[in-house]
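So the chains spell out like this:
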Amino acid sequence: MEKPVIVAVDDEPAVLGAVARDLRREYGKQYRVLRAESGTTALESLRRLKLRNEQAALFLVDQRMPRMSGVEFLEEATELFPDAKRVLLTAYADTEAAIQAINEVRLDYYLMKPWDPPEEYLYPVLTDLLDDWQAQFSPPFEGIRVVGHQLSARSHQVKDFLARNLIPYQWLDIEIDEEARHLVELSPSDSSRLPLVLFPDGPPLTQPTNAQIAERIGLRRHPGMPFYDLAIVGAGPAGLAAAVYGASEGLSTLLVESEAPGGQAGTSSRIENYLGFPSGLSGGDLTRRAVAQASRFGAEILSPLEATGIRVRDSYRFITLTDGAEISCHALLIATGASYRKLDAPGVGKLTGAGVYYGAAITEAMACQDKDVFIVGAGNSAGQAAMYLARYANSVTMLVRAESLAASTSRYLIEQIESHQGIRVLPRSSVVEVKGDTSLEEITIADVATGDVRTMPAYALFVFIGAVPHTEWVSDVVERDSQGFIPTGPDLVRGGRRPKGWSLDRDPFLLETSVPGIFAVGDVRRRSVKRIASAVGEGSMAVQFAHQYLGRVPE
Ligand SMILES: Cc1cc2nc3c(=O)[nH]c(=O)nc-3n(C[C@H](O)[C@H](O)[C@H](O)COP(=O)(O)OP(=O)(O)OC[C@H]3O[C@@H](n4cnc5c(N)ncnc54)[C@H](O)[C@@H]3O)c2cc1C
């Protein structure tokens, strides 16, 4: 944490120099001494301190200054830092003003100039005040602060990006938080351009893109080399596992991720069926460990950076990135997984991010305190989200198309859901419309058997339905099935015939696609198991096939 600040203000340079020197000598270890030659300059510095969430502990200010007197400065400075101690430096003639200031600006003390020797006239007073300040001081939140409207898609995007990248942040809702309003007033942006993202260092960002935030928090977005033995696209469990094995087995390995490492698993509140963690672990925890492990072995991770296309030339495979750059490799691994299918009902598009969310239960759970929320979907991910949201929400309603959760949710989760008083399951239900002016207000649900509809007030709707694979970007080069999943290995050899354009005198390896040296693993692969452990297994297995492929690839 930055040291709290003592602010000294005096228009006479010699006096200011002397007071700053004395302050540094006595308090320099614990406090930063900031000096200013006028009240206005000091206020500018204070505004910057406030935006960076630094603390002012004490103002020591000369009363008699042109343009802005000491008392006038204290009036404004106190609005920014109400808890800072206030001391006026006065001459005899100013005593009256100082006494008045005790009431006006709750002055803590006034000191007569000169204060020599400081051991006698300055330090005893200031030490006493600073001790007092320390005693009632609670350290501020040190990380990134996000100021915005709770029910705004842009604010949700920023929060979700930070949460998924495991960056701690403090959320300040401008509608209910006085401090949030104050920060917006101080910043160069206006309240119509939120969210405002404040960093402990450097200037704030207004309505930032993920790439801008990534830059500020030091995420890596440019490859260190033009060529890699193994390039992996997608840093979910499959891609991360491949990175760990590839890098640990001596391959120069690059991992490219478009949003945040962890993939779908990273959004899971509690994974209970992953081997070796009998009491479960969160997706965030698993991701943190996997990223550390892959990095430790030397894998390079670029995020957020999207792969938009691939091309093949001789033994080289090229990945095109969003910024137009290309990376070349010999073995390419597609681990881009899948994401939730979009809910097809009127109003959903407009309210996405403003009450309607895809996944994102962890990011928005706190905001659902004492509210009524709904979940669409009946898989394990929907069940986990229900359990997590029920910690905060007044009620959680699961809207399930089928007769029950039995066919699609694990037994252990069904038992937890059934025994939770805050969760109810509405079978045979489908969402037919969502409504709200600026954020979700109500949802209309139809009984799929009878067609009866009813409308209910809703604060949030979390969507966990079906999976759509992320494979558009390889569609020109790699074979896909009618749903967009990528067939591999034996799936590609039909009636003893190898895939079209296949040039090698062997069949595709188990996890190899229709193009030699390009592999597909995890949820993106046709007929994959859609589990974390299987994605991890496939990611690690694919590296073995990559080794075999690389062993015969011409340089
Ligand atoms: C909420 C939730 C809870 C779950 N709980 C469990 C559980 O308890 N147990 C269990 O076994 N399974 C669970 N699952 C399923 C499991 O998470 C998935 O099967 C697993 O994550 C699949 O891993 P993957 O690496 O194949 O793909 P994903 O996890 O989908 O990761 C793919 C990654 O690729 C990135 N990507 C996509 N396109 C591009 C591109 N063009 N360029 C760069 N990057 C790209 C994505 O951003 C993503 O990070 C859960 C899923 C969800 C959503």
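Structure shown above.
Just so you know, these numbers come straight off a predicted model, no measurement behind them. (Residues numbered from 1 in each chain as written. Predicted model: local features only at pLDDT ≥ 70, side-chain atom pairs only at ≥ 80, totals over all residues. Heavy atoms only, no water.)

Moving on: the overall build of the protein chain. When you go through the protein chain residue by residue, the secondary structure sums to 17 helices and 26 strands. Principal axes of the C-alpha set define a box for the protein chain whose edges measure 105 × 65 × 40 Å. Contacts spanning at least 24 positions in sequence make up 64% of the contacts within the protein chain whose residues lie at least 6 apart. Carbon and sulfur atoms provide 49% of the accessible area of the protein chain, an area that totals close to 25,300 Å². The protein chain carries 56 positive and 71 negative side-chain charges, and their two centres are separated by 8 Å. (Helix = DSSP H or I, 4+ residues; strand = E, 2+ residues; numbered from the N terminus. Contact = heavy atoms within 4.5 Å. Areas by Shrake-Rupley, 256 points an atom, 1.4 Å probe, with all protein chains shown as cover. Lys, Arg positive; Asp, Glu negative; His and termini not counted. Charge placed at Lys NZ, Arg CZ, Asp CG, Glu CD.)

With an omega of -10°, the peptide bond between D116 and P117 qualifies as cis. For the bond running from L194 to P195, omega is 5°, close enough to zero to count as cis. Considering the arrangement of structural elements, one finds P195 in the loop between α8 (178-186) and β8 (196-198). Here Q207, not a glycine, exhibits a phi torsion of approximately 40°, which is positive. Secondary-structure assignment places Q207 in the loop between β9 (205-206) and α9 (210-216).

A separate point is the side chain of N380. Turning to its location among the elements, N380 is positioned in helix α15 (residues 380-389). Looking at N380, its side chain comes within polar contact range of the main-chain nitrogen of S410, at 2.7 Å. Beyond its immediate stretch of four places on either side in the chain, N380 contacts S408, T409, S410, L413 and R531. (Polar contact = N/O pair within 3.5 Å; in protein donor to acceptor, adjacent residues only side chain to side chain.)

On to the environment of S252, then. Counting through the fold element by element, S252 comes out in the loop between α10 (237-248) and β11 (253-256). Residues S252 and E175, 77 residues apart in the sequence, show an inter-C-alpha distance of 50 Å. The contacts of S252, once residues within four sequence positions are left out, are M225, F227, Y228, D229 and L230. Within the local environment of S252, its side chain forms a polar contact with the backbone nitrogen of D229, the two atoms lying 2.8 Å apart.

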